[in-house]
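Listed here are the chains, written in short residue letters.
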Amino acid sequence: MEENETERIHSVTRFRSTVWKDFGFYKRDGELDKTMAICKHCRTEVRYTGSTTNMSQHLKRHHSTVVQSPETSASSATPTTSREPRIPHFFQAPLASNSARANSITDALSFFLCKGIQPYNITANEGFKYLLEVLEPRYSIPDRRVFSDRIVPALYEKVKVDVLSSMGRAQRVSITVDGWTSCATDSYITVTAHYVNEEWDMQSHVLQTRVFNESHTGVNLAALLQDVLREWNLGEKKPALVTDNARNMLVAGAGAEITPHVRCVAHTLNLASQKALKVDRVSELLVKVRKVVAYFHKSPQAAEVLREIQSQLRLPNHKLIHDVCTRWNSSVDMLERFWEQHPALLNAMLSRRIRRGEGLLAVNEDDMTLIQEIIKLMSPVKVATTLLSEEKSPTISMIAPIQAKLHKHFSEDNTDLPIIADMKQRFRQDFFDRYLDLQELLYNASGLDPRFKDLAFLDVDSRDLIFMKITSEVVKMNEQTGDSAALYEGEADEGGSDGSPSRERRDDDASPSPKKKTAMDQLFGEFITTRTPLKTMREKAKDEILKYRERDSLELGGDVLQWWKGQVDLPLLSALAKDYLSIPATSVSSERVFSSAGNIVTAQRSLLHPDHVDQLIFLKKNLKKTHLG
């Protein structure tokens, strides 16, 4: 029955189009019914009006994997047929530069250049041009000068307006500053802003990365900071400053009159750790280990022997780590890996396949004991440094708990080796003295962090004292905003600070006599309930602090800012917490710009104007897709 049905579709041979291989007609009353073409694959009826367009579209949509498209068939046709112009050739006209499609591609290309800090001359790269030609043959890539001189500067101005507007709504804005040198030996200063927005999200913006060819004196840096505050309207935002411990940065903060000026805790840990590792006996040990590591890095044969022995001893197939002089934790990493691979190293250095191996056996048992003690001593510092680097937005509320942890860890112990005792002393002297003038600020910040609000690292009296100071800060903050004055004025009419009537105070102050009662007062006064007297600002602050201290602490992995967002019944304390939590503990965010920025500056030193570097780095950190178009 199915064969008879198929035979009813009659093929047409006199039509030239290839679609007739897949279509035919039914016969009606002995004649072909040419009103409907019948698909030979699915028996769908397609209206035929003398054109094959409907049939071609049907084949593309429903049978593209079964049949050859008309275009493909045409390409395999006879030479005479293939030389005939095809319809797609008539639709390859270039896109108009102001068309929606061209503008969309140009915007996407601008986004690619900025977010990847790509060199402008990539637009002339042969491979890149071919990629865009395949994706959109009709698009013509603008010259790189169009991007560098017009499109990117326009984006910069547009995004800058948004950043200024966002920071203008912030309660407080802190800035981190770092100086760096590109691979091309150009000197730059990067300034990054940090603040908590209305939704209690931490925001960070790279404000500028400017060439700084002047001497890096504190006076010159202070002038630069003052220019930053003026250009970005930060003078009224109670700016806090976070920098490294360099003397010129400390002078710059004082010269620019920015307070508080917090020293980057990651940099401080680095300095103190380097001091501890410079104990003579420890320095000698590091030289020995460094020599062994360098040998296995430089000798392919030695590295191969080590891998074989690692497999035999079932040790992790880890490479040895060579330390970097500017990163103290790399020295600890080197010692940890050396300790882990010591059995394999010892066997490898005794192997006959390694020349001079015995000459590397200077690391003896006493050295291995010392290595273990050094690792044990410095591990908490390494953990703290790693935490600060990995934390999305570490705030100064973390500094006091870190201090307390390290103070206990580095305290004197009669069981310590003399060398370890010396290391502890050097670390304590360098680390803890750097925050003496900011200790109250750090304690207050920790008290306003729901993870550390119990202040378990302080005694009970000190905890109460900290919250008394926080109470005073709440009062002072509201006096500055004018809220407190309005409350006190109301209290003068309705009640005293202890809730009692303040009639005596009004008499003593010779206040004007009460106004004459109006007709409304005389008629309805007895129906009006007297309102409870308002509390003073200090009483309100005390009530909020009492509620805050009674609540459960936030888990250590919790989101501090979102926790505060939910405390709608603590408006006064929330405002003060936002002030403190806007100050970062490190300047790491500014340092993270260096690696990507250094590459672009080096690659395009002869092509980039310094303003271009500033714009590209600014847009990398601040540009969003919503800014396009």
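Going by the structure above, here's the rest.
As the structure is a computational prediction, the values presented were derived from the model and not from experiment. (Residues numbered from 1 in each chain as written. Predicted model: local features only at pLDDT ≥ 70, side-chain atom pairs only at ≥ 80, totals over all residues. Heavy atoms only, no water.)

Peer 1: An account of the overall build of the chain is needed here, citing residue identities and associated values.
Peer 2: Across its full length, the chain holds 27 helices and nine strands. When burial is assessed residue by residue, the chain has 43% of its 629 residues classed as buried. In the chain, the share of contacts with a sequence separation of at least 24, taken over all contacts with a separation of at least 6, comes to 66%. Of the accessible surface of the chain, which amounts to about 35000 Å², a share of 51% is contributed by carbon and sulfur atoms. (Helix = DSSP H or I, 4+ residues; strand = E, 2+ residues; numbered from the N terminus. Buried < 20%, exposed > 50% of the residue type's maximum accessible area, 1.4 Å probe, protein only. Contact = heavy atoms within 4.5 Å. Areas by Shrake-Rupley, 256 points an atom, 1.4 Å probe, with all protein chains shown as cover.)

Peer 1: Any chance you could break down a nonpolar patch on the surface for me, citing the residues and the numbers?
Peer 2: A cluster of nonpolar side chains, contributed by M520, L523 and F524, occupies part of the molecular surface with about 320 Å² of accessible area. Tracing the backbone shows M520 in helix 22 (residues 519–524). (Patch = residues over 30% accessible without salt bridge, like charges linked within 9 Å, V, L, I, M, F, W, Y side chains within 5 Å. Salt bridge = Lys/Arg side-chain N within 4 Å of Asp/Glu carboxyl O.)

Peer 1: Tell me about the pairing of strand 8 (residues 240–243), residues and numbers included.
Peer 2: The alternating pattern of strand 8 places A240 and V242 and L241 and T243 on opposite faces, both of which are buried. Here three bridges tie strand 8 to strand 9 (residues 261–263), and the two strands are oriented parallel to one another. Bridge assignment links T243 to a residue of strand 9, and that residue is R263. (Pairing = 2+ DSSP bridges.)

Peer 1: Please provide a residue-by-residue account of the sheet that holds strand 1 (residues 10–11), values included.
Peer 2: Spatially, four strands are ordered 1-2-3-4 in an open sheet, and the strand pairing comes out antiparallel. With one partner strand each, in any of the chains shown, strand 1 and strand 4 (45–47) form the two edges of the open sheet. Note: strand 3 (residues 31–39) against strand 4, three bridges, orientation antiparallel. By the bridge assignment for strand 4, I38 is matched with E45. Where helix 2 (residues 53–62) meets the sheet, it contacts strand 2 (23–28), strand 3 and strand 4, and its direction lies at approximately 140° from that of strand 4. (Axes fitted to C-alpha atoms, helices over the stretch in contact; angles between N-to-C directions.)

Peer 1: Describe the pairing of strand 6 (residues 187–196), with residues and values.
Peer 2: Of all ten residues making up strand 6, ten are buried, and the element is well covered by its neighbours. Both faces of strand 6 are covered, namely the face carrying S187, I189, V191, A193 and Y195 and the face carrying Y188, T190, T192, H194 and V196. Bridge analysis of strand 5 (residues 174–181) against strand 6 gives eight bridges, and the strand direction is antiparallel. Among the inter-strand pairings, W180 is bridged to a residue of strand 6, identified as Y188. A loop of five residues connects strand 5 with strand 6, the two strands running antiparallel in sequence, and T185 in this loop sits at a positive phi of about 65°.

Peer 1: Could you give me a rundown of the pattern of salt bridges, with the residues and numbers involved?
Peer 2: Across all of its chains, the model carries 30 salt bridges by this definition. The closest approach of N and O atoms between R428 and E412, which form a salt bridge, is 3.6 Å. Here E412 lies in the loop between helix 16 (399–409) and helix 17 (418–431) and R428 lies in helix 17, a separation of 16 residues in the sequence. On the basis of relative accessible area, E412 is assigned to the exposed category, the value being 69%. A salt bridge links R451 to D449; its shortest N-O distance comes to 2.8 Å. D449 shares its class with R451; the two are buried. One salt-bridge network, in which partners are shared between bridges, spans K160, R210, E231 and D614.

Peer 1: Could you give an account of the side chain of S330, naming the residues involved and the relevant values?
Peer 2: By the element assignment, S330 lies in helix 13 (residues 328–340). Owing to a relative accessible area of 10%, S330 belongs among the buried residues under this scheme. Aside from chain neighbours lying at most four places away, what touches S330 is I321, D323 and V324.

Peer 1: An account of the packing of aromatic side chains is requested, with residue identities and associated values reported.
Peer 2: Tallied over the entire structure, the rule returns 17 aromatic pairs. Relative to F618, the ring of Y156 lies with its centre 4.8 Å away and its plane at 65°, an arrangement referred to as edge-to-face. Of this pair, Y156 sits in helix 7 (residues 144–168) while F618 sits in helix 27 (residues 610–622), and the two are 462 residues apart along the sequence. An identical accessibility class is assigned to Y156 and F618; each is buried. Residues F410 and F427 carry aromatic rings whose centres are separated by 4.0 Å and whose planes lie at 10° to one another, so their mutual orientation is stacked. (Phe/Tyr/Trp six-rings, centres within 6.5 Å; stacked < 30°, edge-to-face > 60°.)

Peer 1: Could you give me a rundown of the nonpolar core, with the residues and numbers involved?
Peer 2: Of all hydrophobic cores here, the largest spans 94 residues; its most connected members are F296, I374, M423 and W564. In terms of residues, this core owes the most to one element, helix 15 (residues 365–390), which gives ten residues. Residues within four places of M423 in sequence aside, it is in contact with A276, L277, V279, V282, I374, L377 and M378. Within the second largest apolar cluster, 53 residues are counted, among which are I175, W180, V191 and F212. (Core = buried A, V, L, I, M, F, W, Y, C linked by side-chain atoms within 4.5 Å.)

Peer 1: Which residues make up the environment of D569, and what are the values?
Peer 2: Structurally, D569 can be placed in the loop between helix 24 (560–565) and helix 25 (571–581). Residues D569 and Y548, 21 residues apart in the sequence, show an inter-C-alpha distance of 9.8 Å. Residues contacting D569, with those up to four places away along its chain left out, are E544, K547 and R551. There is a polar contact of 2.3 Å between the side chain of D569 and the side chain of R551. (Polar contact = N/O pair within 3.5 Å; in protein donor to acceptor, adjacent residues only side chain to side chain.)

Peer 1: Would you mind going over unusual backbone geometry in detail, with residue names and values included?
Peer 2: Cis peptide bonds are those with omega within 30 degrees of zero, and the linkage from T259 to P260 qualifies with 0°. Following the sequence through the fold, P260 ends up in the loop between helix 9 (247–255) and strand 9. A positive phi angle is found at R314, which is not glycine, with a value near 60°. In this fold, R314 is placed in the loop between helix 12 (300–312) and helix 13. At L455, a residue that is not glycine, the phi angle is positive and equals roughly 50°. Looking at where L455 falls in the secondary structure, it is placed in the loop between helix 18 (439–447) and helix 19 (460–481). Exposure remark for L455: the relative accessible area of 0% places this residue in the buried category.

Peer 1: Describe helix 13, listing the residues and the values that go with them.
Peer 2: With 13 residues, helix 13 should reach 18 Å at 1.5 Å per residue; the first-to-last C-alpha distance of 19 Å fits that figure. Along helix 13, the residues that are buried comprise W328, S330, S331, V332, M334, L335, R337 and F338. Those residues of helix 13 hidden inside the fold are in contact with helix 10 (265–277), helix 11 (280–298), helix 14 (342–349) and helix 15. (Expected span 1.5 Å × (residues − 1).)

Peer 1: Give a detailed account of the sheet that holds strand 8, specifying residues and quantitative values.
Peer 2: As summarised here, the arrangement of the five strands in space is 7-6-5-8-9, forming an open sheet in which the pairing is mixed. Both outer strands of the open sheet, strand 7 (202–211) and strand 9, are each paired with one neighbouring strand and no more. Taking the axes of each pair of neighbouring strands and ignoring which way they run, one obtains an average angle of 25° across the sheet. Here strand 6 runs beside strand 7; their pairing, made up of nine bridges, is antiparallel. Residue A193 lies in a different strand from strand 7, and its bridge partner there is H205.

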